[in-house]
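# Survey of secondary and tertiary structure
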Amino acid sequence: MSVVGFDIGNENCVIAVSRQRGIDVLLNEESQRETPAVIYFGEKQRFLGSAGAASATMNPRSTISQVKRLIGRNFSEPDVQIELKMFPFKTSEALDGSILVHVKYLGETHTFTPVQIMGMLLAHLKDVAEKNLGAPFSDCVIGIPSYFTDLQRRLYWSAAVIAGLKPLRLMHDCTATALSYGIYKTDFSNTGPIYVAFVDIGHCDTQVSIVSFEPGHMRIMSQTYDRDLGGRDFDEVLFSHFVAEFKKNYDIDVNSNVKASIRLRAACEKLKKVLSANLEAVLNIECLMDEKDVKGFIKREEFEKLASGLLEKISIPCTRGLADAGLAVENIHSVELVGSGSRIPAISRLLTSVFKKEPSRKLNASECVARGCALQCAMLSPVFRVREYEVQDSFPFSIGFQSDAGPISLGLNNVLFPKGQHIPSTKILSFQRNSLFHLEAVYSNPDELPPHMSSKIGCFTIGPFQGSNNSNSRVKVRVQLNMNGIITVESATLVEDTIDQQMPRRDATYSNTEKMETEFVDSSHSESDVSRKARGTRRIDIPVSEHIYGGMTKAELLEAQGRELQLAQQDKNMEQAKNKKNALESYVYEMRNKLFNTYRSFASDQEREGISSSLQQTEEWLYEDGDDETESAYSSKLDGLKKLVDPIINRYEDEEARAQAKAHLLKR
Ligand code: ATP
Ligand code: K
Ligand code: MG
């Protein structure tokens, strides 16, 4: 049984597996350690990952990428609109405000949600892993950005379920990185914890975590980020620069041409990478548009000047992270720089000036998230034995609750779980209610969300139930912020005082078993503990149901699973047909050759002629009507040919066997 960790990047995905002797990164079908997060909808099948990436410039409208950022977002949110305008594929607004992706596929327009596309990608990665491991698996841990909202986390989970995976946890990217750093760390002094800053600059985002390490234990002290600052923004700086240059020098407007824009963006990304290792770089694109070849040149220095605004922005989450952690730069033992977007030399220089020390690159910058996830998966899986190591993660949003029957006074700003709350955490709310009521979970601080995103998370229905009117009944609601950073109501219990003085009071033990428990009291609730203790209590479980705004229902999830299976079956059918076609083709060539050489003396002239013309006919068919046929069509052609050729092969093999037996006898 295998436990797997996935890093789902906006550009690159990495799969790592835990083995008894350590963590390995798995290779995809093209023997690469990173798999592009791309899906191309071809005429008759999908091409996923590396196979899909190849078609991005050829078929931009059918090539879907960067959906990670679209999950759980609404079409009309301003930053989403900016994003969508950059994508060559077609999107629209769904009835509920979310995003739909449209592609031409199998001769008609198909509509998918970003979650379904993510499901396809995860299913592909699962497939790659299973081919590698030689066995099916479903247990995994998936890396997520720390800035993912409750809904984004839930939808990621749904995508995993669509893909047939069973996540044991969604883990913050930087926490995974910190785990892969901390679990092997041994050089501790006696002076207390060591503080390390992890900076992950990827394709679309920047994440910073400040982590405290002690022997056997790590704790996330702060999580800060810029959702919209990654390697692709540096590409964009170069892109704008060359669009202007080419307008001046060649009189072309690259922005007006989708394919030219894609080609120039790709060239700018390459250019950026060249500039990471060289002081200057050239750009050459043949026939970019209007049949014009273009040339460009840029020095690293000039690029850094163009990108100075972006570089400045990187310092913001860093300084905020220090402040949130309550630490000064002098407290930071080291700065670990990861994510491939961080390979720009100016970024190291900037971080050196922020942290007053040079960042180190001890970790594998592109694999550390997946490795950390695989480690966590092994730690959570019952079949693995991993050294005791405590990972204390936290959640970067403040969560509050509202009730439909009057306010809940939760203390400061109605926050139940303040930003930075450790996960998992459980809290118990106590209400004085006699029948069904609702609780609304909300983000208490809209500033922590992307602009214009709704602050509502979901509604929990507590009930139906009927409390007895005369007694002093309370409803205790257990709310959990689980280790995936998802809010759930675990249970609700009606606690009623009974007149029976002899009944043992179980309330006290209930409170004591919960380490993290904080009991908040409804504003209308006034009963003192002493009076409660004097009486016995009766406890009744109350049903709880949830409605998450924008979440998938069980029925929708089932339907999506079915659809994914259908799509996968279609891909499989096409792959099998292709394989059979190849088999038929090679058979034709092989037999034609052997017929006139190896098998020559085992066939009569008439047989040879007959077979030869059948082979010829098959070859012609393959080039014409049989170019794009089903597996069974190729199979029956192959069987037909074999029927003709097999008798000759049999004669040949009999003769071979006789000759071998003879040789054997002679030797003795
Ligand atoms: P994210 O974490 O944002 O979801 P990701 O994990 O897919 O995305 P990475 O693979 O860490 O992102 O980084 C991809 C980015 O790194 C791309 O923008 C790419 O251009 C950039 N990159 C890769 N190599 C270099 C290099 N040598 N110099 C500069 N940038 C590079
Ligand atoms: K990655
Ligand atoms: Mg990443």
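Residues numbered from 1 in each chain as written. Chains lettered and ligands numbered in written order. Predicted model: local features only at pLDDT ≥ 70, side-chain atom pairs only at ≥ 80, totals over all residues.

Moving on, we get to unusual backbone geometry. Following I423, the chain continues to P424 via a peptide bond in cis, the omega torsion being -5 degrees. Structurally, P424 can be placed in the loop between β22 (421–423) and β23 (425–431). With an omega of 10 degrees, the peptide bond between G463 and P464 qualifies as cis. Residue placement: P464 occurs in strand β25 (residues 456–466). Even without a glycine there, the phi angle at C287 is positive, about 50 degrees. Turning to its location among the elements, C287 is positioned in strand β16 (residues 280–289). With a phi angle near 55 degrees, E291 is a residue other than glycine that sits in the positive phi range. (Helix = DSSP H or I, 4+ residues; strand = E, 2+ residues; numbered from the N terminus.)

It is worth spelling out the packing of helix α4 (residues 150–162) against helix α14 (residues 554–595) at this point. One way to put it is that α4 packs onto α14 with a least axis distance of 9 Å and a crossing angle of 45 degrees. Judged by the inter-axis angle, α4 sits oblique to α14. Regarding α4 and α14, the two cross each other, and that crossing is right-handed. Touching S158, V161 and I162 of α4 are L557, A560, Q561 and E564, all from α14. Looking at side-chain class alone, the contact of α4 with α14 contains four nonpolar, two polar and one charged residues. (Axes fitted to C-alpha atoms, helices over the stretch in contact; angles between N-to-C directions. Parallel < 35°, antiparallel > 145°, perpendicular 65-115°, else oblique. Left-handed = near helix turned anticlockwise from the far one by under 90°. Contact = placed C-beta atoms within 7 Å. Nonpolar A, V, L, I, M, F, W, Y, C, P; charged D, E, K, R; others polar.)

When cut into domains, the protein chain gives domain 1 (3–228 + 310–380), domain 2 (397–552) and domain 3 (556–667). Taking the mean C-alpha position of each, domain 1 and domain 3 sit 45 Å from one another. The interface of domain 1 with domain 3 comprises 10 residues on the first partner and nine residues on the second. No other element matches helix α3 (residues 114–133), which puts four residues into the side of domain 1 that touches domain 3. Of the residues contributing to the side of domain 1 that touches domain 3, the split by class is four nonpolar, four polar and two charged. (Domains from an automatic or database assignment.)

It is worth spelling out the packing of helix α9 (residues 308–325) against helix α10 (residues 345–355) at this point. Each pair of packed helices can be described by the angle between their axes along with the distance between the axes. Between α9 and α10, whose axes approach to 10 Å, the crossing angle comes to 40 degrees. When the interaxial angle is binned, α9 and α10 end up oblique. Along this stretch, α9 crosses α10, giving a crossing that reads as right-handed. Contacts from L311, I314, S315, C318 and T319 in α9 reach A346, I347, L350 and V354 in α10. Here the contact of α9 with α10 is built from residues that sort into seven nonpolar, two polar and no charged.

This part covers helix α6 (residues 231–250). With 20 residues, α6 ought to run about 28 Å at 1.5 Å a step, and its terminal C-alpha atoms sit 28 Å apart, in line with that. Where α6 is concerned, the buried positions are G231, R232, F234, D235, L238, F239, F242 and F246. Seen from one end, α6 has its buried residues packed into an arc of 140 degrees, which puts them on one side. Pointing more than 90 degrees away from the buried face of α6 are the exposed residues A244 and K248. The inward-facing, buried residues of α6 contact β13 (194–201), α7 (258–277), β16, β17 (292–299), α8 (300–306) and α9. Of the residues trailing α6, D251 is marked for its positive phi of about 55 degrees. (Expected span 1.5 Å × (residues − 1). Buried ≥ 20, exposed ≤ 12 C-beta atoms within 10 Å, placed from the backbone. Arc of directions from axis to C-beta.)

Judged by nonpolar contacts, the single largest core of 151 residues is most densely connected at F6, I15, I142, Y156, C373, A374 and V477. Of all the elements, α3 adds the most residues to this core, at 10 residues. Domain assignment of the residues forming this core places at least three in each of domain 1 (3–228 + 310–380) and domain 2 (397–552). If we skip the residues at most four places from it in the chain, A374 touches V3, V4, G5, A16, V17, S18 and I23. Of all hydrophobic cores here, the second largest spans 10 residues; its members include L584, L595, A603 and I648. (Core = buried A, V, L, I, M, F, W, Y, C linked by C-beta atoms within 7 Å.)

Another point: the site of ligand 1. In the region of ligand 1, 21 residues are neighbours, and G9, G202, H203, G231 and S340 sit closest. Counting only elements with at least two residues in the shell around ligand 1, the list comes to α6 and α7. A total of four residues in the shell around ligand 1 trace back to one element, the largest contributor, which is α7. In terms of residue class, the shell around ligand 1 is built from two nonpolar, 12 polar and seven charged. (Near = placed C-beta within 6 Å.)

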